[in-house]
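Each chain is listed here by its residues.
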Amino acid sequence: MGNKGTISGKRGFKKNIDYWMDTKNWWAPLLFILIISLAGVGLIGFQTYNDAPPMTGFQTSDGTVLISKGNIEEGQIVFHKYALMEYGSFFGDGAQRGPDFTAETLHQITIHVNEYYQEQYKVEHGRPADPNEQKVIAEKVKQELKKNGYDGTEDIVVLNDAYVYALEKVRNYYLHVFMGISGENTFPLKNYLTDRSEILNLSDFFFWGAWVCVTERPEKNFSYTHNWPYDPEAGNTPTSPVVLWSVLGLLAFVLLCGIVLYFIGQYNQLSNKFFKPSSKELLTAGSVRDFVPTKTQKASYKFFFVAIVLFFVQVSSGFVTINEFVDYLGFFGVDLSESFPITVSRSWHLMLSLYWISTCWIASSIFILPILAKKEVKFQLQLINILFILLVVLVAGSLTGMVLGPMGLLGDWWHALGHQGWEFVDFGQAFQVLLMLIFVLWGIVVFRGIRPAFVRGMPWNLPNWIMYSIIGIPLLFISGFVARPETNFVIADFWRWMVVHMWVEAFFEVFITVIVSYLMVLMGLVSRNAAIRVIYFATILFLGTGLLGISHNFYWNAKPVATMALGSIFSTLQFVPLILLTVEAWRFKNMPRIALEGIKPSELGDFGFPEVFLFLIAVNFWNFFGAGVLGIIINLPIMNYYEHGTYLTVNHAHAALMGVYGNISLAAMLFATKLLLKPKKWNKKLVKVSFWSINLGLMLMVLLDLLPAGTIQFKAVVENGLWFARSDAFIGGGVFQSLTWLRGIGACIFLFGGVVPLMLFIVSRAVSLKRTAHTDSSLAKIARHDTI
Ligand code: HEM
Ligand SMILES: [Fe+2]
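The name recorded for the protein chain in an unreviewed UniProt entry is Nitric-oxide reductase, from Flagellimonas aequoris.

The structure is reproduced here in structure tokens:
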């Protein structure tokens, strides 16, 4: 019986594996996933528009208009024009060190409505309320704040007298804050926003945001934002759907984990043979030395050159940003806060990360195209040079615009040429158009270069995968063009996440899986057949979970319950493919050894890319730890309810963005550089030291500051509400500030031990490149198989 079971089990297993190994069977699951996900995202989009809170005016009960719809729109424009999303956040989205303006305003309102009733009590009773009576007043305040005074027919919200009183106080508060009148502030925006009417409109925009956070959604017993931010004094506490969907999210996660691990168990029986390429494919030190680049391959070096300089500027602007928090330059008598305000330095820090990373990706694709096509395609060099010029214009122009816009030097052109004000989509819209053009031209270059490698009837070959993953990137970028500065924040933020989330958590993941697999194939570590299967499987999992996973960014910015439900389930599942990386880690780490097995080193020489391989291991590590572990701890709705808008997001963002996309970009850069440089000019030791400095530095930033700071901030939210955890008193307090100083240790190792040496290396080697080939013969050496 046991025997029979095993035999039929084996047969079943083989059938199963055979089915999935046959590429003919691949369309249906992929299409199924895409259709379901697109339908789901479409539904979220529909709900975003349909259920958005009204962006509407406010008036007194006797009809005096206090805030018009126009005031709120103007205020939102001020918010964007001055890039305040890079200083603080709105609905928790944006920078996490300044105030969350919605949480802060809501708390101000609560305090002042309370104050109004206490005062009224005093007048009526001739004495202040005693503690018990104060509690009764506090309850009444909560109930009043929750009552939705929106009048749909008039399209206006009617405020009672207490609310009107609070509104005046809020306006005064922001006048004081921005005009620098109010006392202490850890990092004030000095002489930044000084126009009284602009500040008043901004304050009214914040008031609207706070109203959205607290007032009950029609026919519901919680607010538009599911009672986010946590502020018990305002009556904002977690709702039952928040708890329920967290439990169900966890359930789905454990179930899918089980199912996937079961299949992985089967698939692992395929053993290392499945992955192992034939031995002569290994790219050895000898073949690296003998490699002769083509003209376009050599042209890719200038992209890497620019990328590494941008990396340096990106990290340096991080250092400038952190100076605003702890003022270490004050020691030398330097004050940058007015000439290079934090809103600008933080925007540079973020946008440059996208710039240098994408420059590396463009460059590495240019480098591998001739290997795929096994020839130089006509006019590619010219197109590549145009691409380079456009990139330089984009970077120089948009960085300048991001300084001039918020400083008011561009007048009405702030949106087109200056700063759009959306975190991660900061640049002026003209530069956004230019980036779109660059993506399209990149797509054309890749298509032209890859076309000779396409094989009719084989849509799943590696070249095809590269093309598919590159098409996804500009496609989503179109979403970034939908919103206007005055578009309802709730709707505009949907489109922003359609770019940011869909890129980093879905299409970039697919892209880098393709790139890592391709590099592994090129280095001769993995067979092509194994690579395309791994890519397919990863694509199914990344898109199947990541597309709908976008809803974890919509828990609190005024979307209905169904969106939260989708988010809790699918985004929790996003962790599953990342867990698989650890299941595969052992095999991955030993790839060079497995590939070399049984071959005498004297016959083959050494493996050519041990240092590059280190970076690939780091990509897997950070994908699991930074994206997965540090992502999952902020992912379930009930956890994110208390964590949204805290340093736990900063923590995850650094570990995932630098850890995964930073490392893969450096891997691609060093892979190409090693092949392009004259052999003697390579510096193994320097690359190793940079690798360890960058990755240890990042880990130290996480462990010494970001994770503990996020954790104590999380505790502060649970104990007092988000307004407190983002207040001056807390952020400027000893513990939080000390942790920021500690972060300096990691940051210095990262910069001085990692980025600077690597930059000097790449820059100085620009004159030490190999000569280019006159024939295509050297390409044949590296691309030894027809279906690479
Ligand atoms: C390499 C992959 C990833 C990268 C580069 C990445 C990057 C980021 C960044 C930059 C943010 C902050 C956005 C902002 O503040 O505007 C963010 C937010 C977030 N990420 Fe990821 N992420 C990745 C994968 C994941 C995964 C796999 C999960 C879930 C398991 C996840 C969960 C989240 C959540 C819940 C937020 C929102 C946090 C909040 O605002 O409260 N991320 N991510
Ligand atoms: Fe996300």
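**Quick notes on the packing of aromatic side chains**
Under the criterion given, the structure shown has 75 aromatic pairs. Considering the side-chain rings of Phe-319 and Phe-752, the 6.3 Å spacing of their centres and the 70 degrees angle between planes classify their relative orientation as edge-to-face. One end of the pair, Phe-319, is in helix H11 (residues 295-326); the other, Phe-752, is in helix H29 (residues 734-764), and 433 residues separate them in sequence. We classify Phe-319 as buried; its relative accessible area is 18%. In this structure an aromatic cluster arises from ring pairing among Phe-79, Phe-90, Phe-91, Phe-101, Tyr-173, Tyr-174, Phe-178, Phe-205, Phe-206, Trp-208, Trp-422 and Phe-489.

**Some points on the coordination of the iron ion (ligand 2)**
Coordination of the iron ion (ligand 2) by the protein involves His-501 (ND1), Glu-505 (OE), His-552 (NE2) and Asn-553 (OD1), with metal-donor separations of 2.2 to 2.6 Å. Classification of the site at the iron ion (ligand 2) as irregular follows from its four donor atoms and the range of 79 to 163 degrees in their angles at the metal. Each donor residue of the iron ion (ligand 2) lies on one chain, and together they are spaced H-x3-E-x46-H-N. Taken as an interatomic distance, the gap from the iron ion (ligand 2) to the iron atom of ligand 1 is 4.5 Å. Of the two residues, His-501 is situated in helix H17 (residues 489-522) and Asn-553 in the loop between helix H18 (528-546) and helix H19 (561-573); the sequence distance between them amounts to 52 residues.

**Quick word on the pairing of strand E6 (residues 156-159)**
Summarising the sheet, strand E1 (residues 57-60) and E6 pair through four bridges and their orientation is parallel. Paired with Gln-59 across the strands is Val-158, a residue of E6. One ladder, built from two bridges, connects strand E5 (residues 150-151) with E6; its direction is antiparallel. Of the residues in E6, the one forming a bridge with Asp-151 is Ile-156. What sits between E5 and E6 in their antiparallel hairpin is a turn of four residues, with Asp-155 showing a positive phi close to 55 degrees.

**Here we look at the coordination of the iron atom of ligand 1**
For the iron atom of ligand 1, the protein supplies a single donor, His-652 (NE2), at a distance of 2.0 Å. Counting through the fold element by element, His-652 comes out in helix H25 (residues 647-676).

**Topic: the pattern of salt bridges**
This model, assessed by the stated rule, comprises 14 salt bridges. Where Lys-190 meets Asp-335, a salt bridge forms, and the shortest distance between an N and an O atom there is 3.5 Å. In this pair, Lys-190 sits in the loop between helix H6 (161-178) and helix H7 (196-214) while Asp-335 sits in the loop between H11 and helix H12 (342-373), placing the two residues 145 residues apart along the sequence. Classification of Lys-190 as partly exposed rests on a relative accessible area of 38%. Put simply, Glu-423 and Arg-496 hold a salt bridge, and the shortest N to O gap is 3.5 Å. Of the two residues, Glu-423 sits in the loop between strand E7 (419-422) and strand E8 (425-427) while Arg-496 sits in helix H17, which places them 73 residues apart along the sequence. Accessibility expressed as a relative area gives 7% for Glu-423, which makes it buried. Beyond isolated ion pairs, a larger network of salt bridges with shared partners links Glu-86, Arg-346, Glu-423, Asp-493 and Arg-496.

**Focus: the site of ligand 1**
The full set close to ligand 1 counts 26 residues, and Glu-423, Glu-505, Asn-640, His-644 and His-652 are the nearest of them. Within the side chain of His-644, an N or O atom sits 2.7 Å from an oxygen atom of ligand 1. Between ligand 1 and His-652 there is a distance of 2.8 Å, counted from a nitrogen atom to a side-chain nitrogen or oxygen. Elements that contribute at least two residues to the shell around ligand 1 include exactly H17, helix H23 (610-632) and H25. Among the residues forming the shell around ligand 1, the class breakdown is 12 nonpolar, 10 polar and four charged.

**Looking at the nonpolar core**
Membership of the largest hydrophobic core comes to 260 residues, with the highest contact counts inside it found for Leu-84 and Trp-208. The biggest single contributor to this core is H17, with 26 residues. Mapping this core onto the domain boundaries places at least three of its residues in each of domain 1 (57-239) and domain 2 (242-782). For Leu-84, the contacting residues outside a window of four places in its chain are Phe-79, Phe-101, Phe-178, Leu-189, Tyr-192, Leu-193 and Leu-202.

**Side note on a nonpolar patch on the surface**
A cluster of nonpolar side chains, contributed by Trp-27, Leu-31 and Ile-35, occupies part of the molecular surface with about 320 Å² of accessible area. Mapped onto the secondary structure, Leu-31 falls in helix H2 (residues 27-50).

**Structural notes on the domain arrangement of the protein chain**
Here the protein chain is partitioned into domain 1 (57-239) and domain 2 (242-782). Listed as interface residues are 54 residues of domain 1 and, on the opposing side, 63 residues of domain 2. Buried area between domain 1 and domain 2, both sides added, is near 4,800 Å², and the carbon and sulfur share of it is 58%. Where domain 1 meets domain 2, there are two salt bridges. Our count for the domain 1 to domain 2 interface comes out at 28 residue pairs in polar contact (both at pLDDT 80 or more). At the level of secondary structure, the elements contributing two or more residues to the side of domain 1 that touches domain 2 comprise helix H3 (69-81), strand E3 (89-90), strand E4 (93-94), helix H4 (101-125) and H7. Ranked by residues supplied to the side of domain 1 that touches domain 2, first place goes to H3 with six residues. Its residues placed into classes, the side of domain 1 that touches domain 2 shows 24 nonpolar, 18 polar and 12 charged.

**Observations regarding the sheet that holds E6**
Ordered in space as E2-E1-E6-E5, the four strands form an open sheet in which the pairing is mixed. What marks the edges here is a single partner per strand, and that holds for strand E2 (65-67) and E5. In the packing of H6 onto the sheet, contacts are made with E1, E2 and E6, and the angle to E2 comes to roughly 45 degrees. Contacts between H7 and the sheet are confined to E1, E2, E5 and E6, with E1 contributing the most and set at about 90 degrees to the helix.

Rules used throughout
- Residues numbered from 1 in each chain as written.
- Chains lettered and ligands numbered in written order.
- Predicted model: local features only at pLDDT ≥ 70, side-chain atom pairs only at ≥ 80, totals over all residues.
- Heavy atoms only, no water.
- Phe/Tyr/Trp six-rings, centres within 6.5 Å; stacked < 30°, edge-to-face > 60°.
- Helix = DSSP H or I, 4+ residues; strand = E, 2+ residues; numbered from the N terminus.
- Buried < 20%, exposed > 50% of the residue type's maximum accessible area, 1.4 Å probe, protein only.
- Donors = N, O, S within 2.8 Å, 3.2 Å for Na, K, Ca; no water.
- Tetrahedral: all angles 85-135°; square planar, octahedral: opposite > 155°, others 65-115°.
- Pairing = 2+ DSSP bridges.
- Salt bridge = Lys/Arg side-chain N within 4 Å of Asp/Glu carboxyl O.
- Near = heavy atom within 4 Å.
- Polar contact = N/O pair within 3.5 Å; in protein donor to acceptor, adjacent residues only side chain to side chain.
- Nonpolar A, V, L, I, M, F, W, Y, C, P; charged D, E, K, R; others polar.
- Core = buried A, V, L, I, M, F, W, Y, C linked by side-chain atoms within 4.5 Å.
- Domains from an automatic or database assignment.
- Contact = heavy atoms within 4.5 Å.
- Patch = residues over 30% accessible without salt bridge, like charges linked within 9 Å, V, L, I, M, F, W, Y side chains within 5 Å.
- Areas by Shrake-Rupley, 256 points an atom, 1.4 Å probe, with all protein chains shown as cover.
- Buried area = accessible area lost by both parts, 1.4 Å probe.
- Axes fitted to C-alpha atoms, helices over the stretch in contact; angles between N-to-C directions.

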